[in-house]
Amino acid sequence: MNEKEYRVRKPISDTIFGIFVVVFLFLFVVITLYPVLNTVALSFNDGIDAVRGGIYLWPRKFSLKNYQTVFAMQNIWTGAKITVLRTVVATVTSLFANALLAFVVSRKRFMFKSQLSLFWVITMYVNGGMIPVFLLYKNLGLTGTFHVYWVPGMISAFNMLVMRTYMEGIPESLEESAQLDGAGYFTIFKDIISPLSKPVYATVALFIAVWQWNSWFDAMLYNRMKTEYTTLQYELMKLLSSVMQQSGSADSAKNSANTITPITIRAAVTVATMLPIVCLYPFLQRYFVTGLTIGGVKE
Amino acid sequence: MARDKTRKKMDMKATLKEMKHQKFLIGVSLVVVVYGIIFYYWPLTGWLMAFQNYKPKNGIFGSKFVGLDKFRFLFEDEVFIKVIRNTFAMGVINLVTTTIMAVLFAIVLNEVRRAWIKKPIQTISYLPHFLSWIVVTSILHVSLSSTGIINDLLMRFGFIDQAINFFAHPKYFWPIVAFANCWKETGWNAIIYLAAITAIDPALYEAASIDGADRLQKIRYITFPGIKPTFLILLLMNVGNVLNAGFEVQYLLGNGLVQSVSQTIDIYVLKWGISQNDYSLGTAAGLFKSAVSIAIIVIANSIAKKYSEQRLF
């Protein structure tokens, strides 16, 4: 039996399975994308017209009014400003702190290397829980300030371990020769290890940035009363929760459509909130996947 | 004796010299240890509050100890019993559905040979992972609203006459949460399984083909055993998180009408501890959750030890 004959006798079950693969993946893509695209379409549709329903992938009555309304809302601007600011500040400080710590624990000859690692690994498994943490931040005077967004989470054991694993792969001889030339540890960190660790820096910076961009719980828990420190996600959450309360009390969502924020406005805020991530993640995803695999190896 | 002494002295000297040489490393360590003690270790003392009648003005070390009173109150509270059930049920349902979906998606995607189809699908599958739960629930809310696609399709095919208000009936809540979790994480969770499948020796598939196995048989007898270690390790890691899986989506989608099925331990902690200022009761509920989580991990690990080579510790 030659190769060709063999190919012809492909079992019928394989054809059926092939059809299943195509249908499954088609449905998967549709179910993943449709709700997102539908939200985008709604955000460009006239608000009153949208209540009738029947808007799918394209707006029926095109209107930019939703976005005009959203961009005229002061709290959205404040939220956007704080969200950008916290993302930038936290990414820079947290990246630096984690990198420096990872550098220290990855020095093979450092005398307290294993104790320091253990000290941080433990924090991954035990934590005080919501209330002790809340009281701590309150006592430290962090609640009601912008600093609550970047100070408490500055060092994270997971991010540190990802970086440590990477730095451990850098040949020790580089460090030794620099030391012979009289370089101190900070110089080695700044001029030798950091330039070589750029890929893992990018990965961790992205982890932190996306985490910061998407956070809402800290804004709600610690800065509820401080409208000047609100975030975009939290503003969206407030819009959403007012609707949830409505749908929980009125039996028909249609009747309450006039009293709550129109669905199209919510759609516009949703799109504005996710836009930066949707635009950027396809280019950055390989860094995330790298981080996942490095982190996974170490687990 | 004298020799030993000098040796010790020399050792000390060497250590001191090494310490001086490593002063930068030691300095950084000290700073981060202080930071870690403040932000990670200090809150652990807060567990004491669970056994006290904590009053903020007295502090942790000045409040009166009341033994297990707070726990007694918890277990006499019917709401808390329901909350435990909800947390467990949703945790288990989510773990099972997301795992099945991730394995299924990884296996199916692996059957696609052409990279120009496979790559875009995989990129699309990651998208929801990067969106916040707020955005996800907002999008979901649109799809499930009275004018959303689900009601639209159901009415169009004549299954229902009137739009269903999905968020007003307790029976829909758990499935909605499970779906939301699958929607958000399937593509991302599948990454590890895809990596595991890629690591399987292709010669096994070739040999199976020659023996006349069809694609389903190859999946059953080669792919499944190939990803089993990964599957078990992830399962072990995730069972300990079963009770942690219930906060954001339940908090965001819950409302008065579905409260009986939507409230989880974390929401209960938030409600009693932060909103009602009963810090001790909130902490007791949180402590109960942590203790059960640790017990689950230990039990799962010992079961795994007994029946297979996979274990966490």
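Analysis parameters
Residues numbered from 1 in each chain as written. Chains lettered and ligands numbered in written order. Predicted model: local features only at pLDDT ≥ 70, side-chain atom pairs only at ≥ 80, totals over all residues. Heavy atoms only, no water. Helix = DSSP H or I, 4+ residues; strand = E, 2+ residues; numbered from the N terminus. Buried < 20%, exposed > 50% of the residue type's maximum accessible area, 1.4 Å probe, protein only. Contact = heavy atoms within 4.5 Å. Areas by Shrake-Rupley, 256 points an atom, 1.4 Å probe, with all protein chains shown as cover. Phe/Tyr/Trp six-rings, centres within 6.5 Å; stacked < 30°, edge-to-face > 60°. 1 Å grid on protein atoms, 1.4 Å probe; cavity = no way out; pocket = protein on both sides within 12 Å on 5 of 7 lines; lining within 4 Å. Points joined across faces, edges and corners; volume = space filled by probe spheres on them. Core = buried A, V, L, I, M, F, W, Y, C linked by side-chain atoms within 4.5 Å. Domains from an automatic or database assignment. Patch = residues over 30% accessible without salt bridge, like charges linked within 9 Å, V, L, I, M, F, W, Y side chains within 5 Å. Salt bridge = Lys/Arg side-chain N within 4 Å of Asp/Glu carboxyl O.

1. A few points about the overall build of chain A
(1) Moving on: From N to C terminus, chain A includes 14 helices and zero strands.
(2) Moving on: Ordered by position from N to C terminus, the α and β elements of chain A give α-α-α-α-α-α-α-α-α-α-α-α-α-α.
(3) Moving on: In chain A, which comprises 299 residues, the proportion classed as buried is 50%.
(4) Moving on: When contacts within chain A are restricted to residue pairs at least 6 apart in sequence, those whose partners lie at least 24 apart make up 71%.
(5) Moving on: As displayed, chain A has an accessible area near 14,800 Å², and 67% of this comes from carbon and sulfur atoms.

2. Structural notes on the packing of aromatic side chains
(1) Moving on: Applying the stated criterion to the full structure yields 40 aromatic pairs over all chains.
(2) Moving on: Arranged with centres 6.3 Å apart and planes meeting at 65°, the rings of phenylalanine 158 of chain A and phenylalanine 207 of chain A form a pair that is edge-to-face. One end of the pair, phenylalanine 158 of chain A, is in helix 8 (residues 157-168); the other, phenylalanine 207 of chain A, is in helix 11 (residues 198-214), with 49 residues separating them in the sequence.
(3) Moving on: Seen in terms of ring centroids, phenylalanine 186 of chain A and phenylalanine 24 of chain B are 5.6 Å apart; in terms of plane orientation they differ by 65°. Their pairing is edge-to-face. You can see phenylalanine 186 of chain A sitting in helix 10 (residues 185-196) and its partner phenylalanine 24 of chain B sitting in helix 2 (residues 23-41), one on each of two chains.

3. Looking at empty space enclosed by the protein
(1) Moving on: Taken as a whole and judged by the stated rule, the model has four cavities of 30 Å³ or more.
(2) Moving on: By volume, the second largest cavity amounts to about 100 Å³.
(3) Moving on: What lines the second largest cavity is a set of 15 residues, among which Asn38, Leu42 and Ile55 of chain A together with Thr147 and Gly148 of chain B lie closest to the centre.
(4) Moving on: When contributions to the lining of the second largest cavity are tallied by element, the ones reaching two or more residues are helix 2 (12-43) of chain A together with helix 7 (149-156) of chain B.

4. Here's the deal with the nonpolar core
The nonpolar side chains of a soluble globular protein tend to be buried with one another.
(1) Moving on: Core analysis: the largest hydrophobic core is formed by 140 residues, its most contacted members being Phe103 and Trp120 of chain A.
(2) Moving on: Ranked by the residues each element gives to this core, the list is headed by helix 5 (residues 74-105) of chain A, at eleven residues.
(3) Moving on: Mapping this core onto the domain boundaries places at least three of its residues in each of domain 1 (2-65) and domain 2 (71-307) of chain B.
(4) Moving on: Discounting chain neighbours no more than four positions away, the residues touching phenylalanine 103 of chain A are Met167, Tyr185, Ile188, Phe189 and Ile193 of chain A together with Phe24 and Leu25 of chain B.
(5) Moving on: Judged by nonpolar contacts, the second largest core, of 28 residues, contains Leu25 of chain A together with Val112, Ala190 and Ala213 of chain B.

5. Some thoughts on a nonpolar patch on the surface
(1) Moving on: Together, Ile19, Val23, Phe26, Leu27, Val30 and Ile31 of chain A together with Phe179 of chain B make up a nonpolar patch on the protein surface, roughly 640 Å² of accessible area in all.
(2) Moving on: No other element matches helix 2 of chain A, which puts six residues into the nonpolar patch.
(3) Moving on: Looking at the secondary structure, you find valine 30 of chain A in helix 2.
(4) Moving on: Relative accessible area serves as the criterion here: at 36%, valine 30 of chain A is assigned to the partly exposed category.

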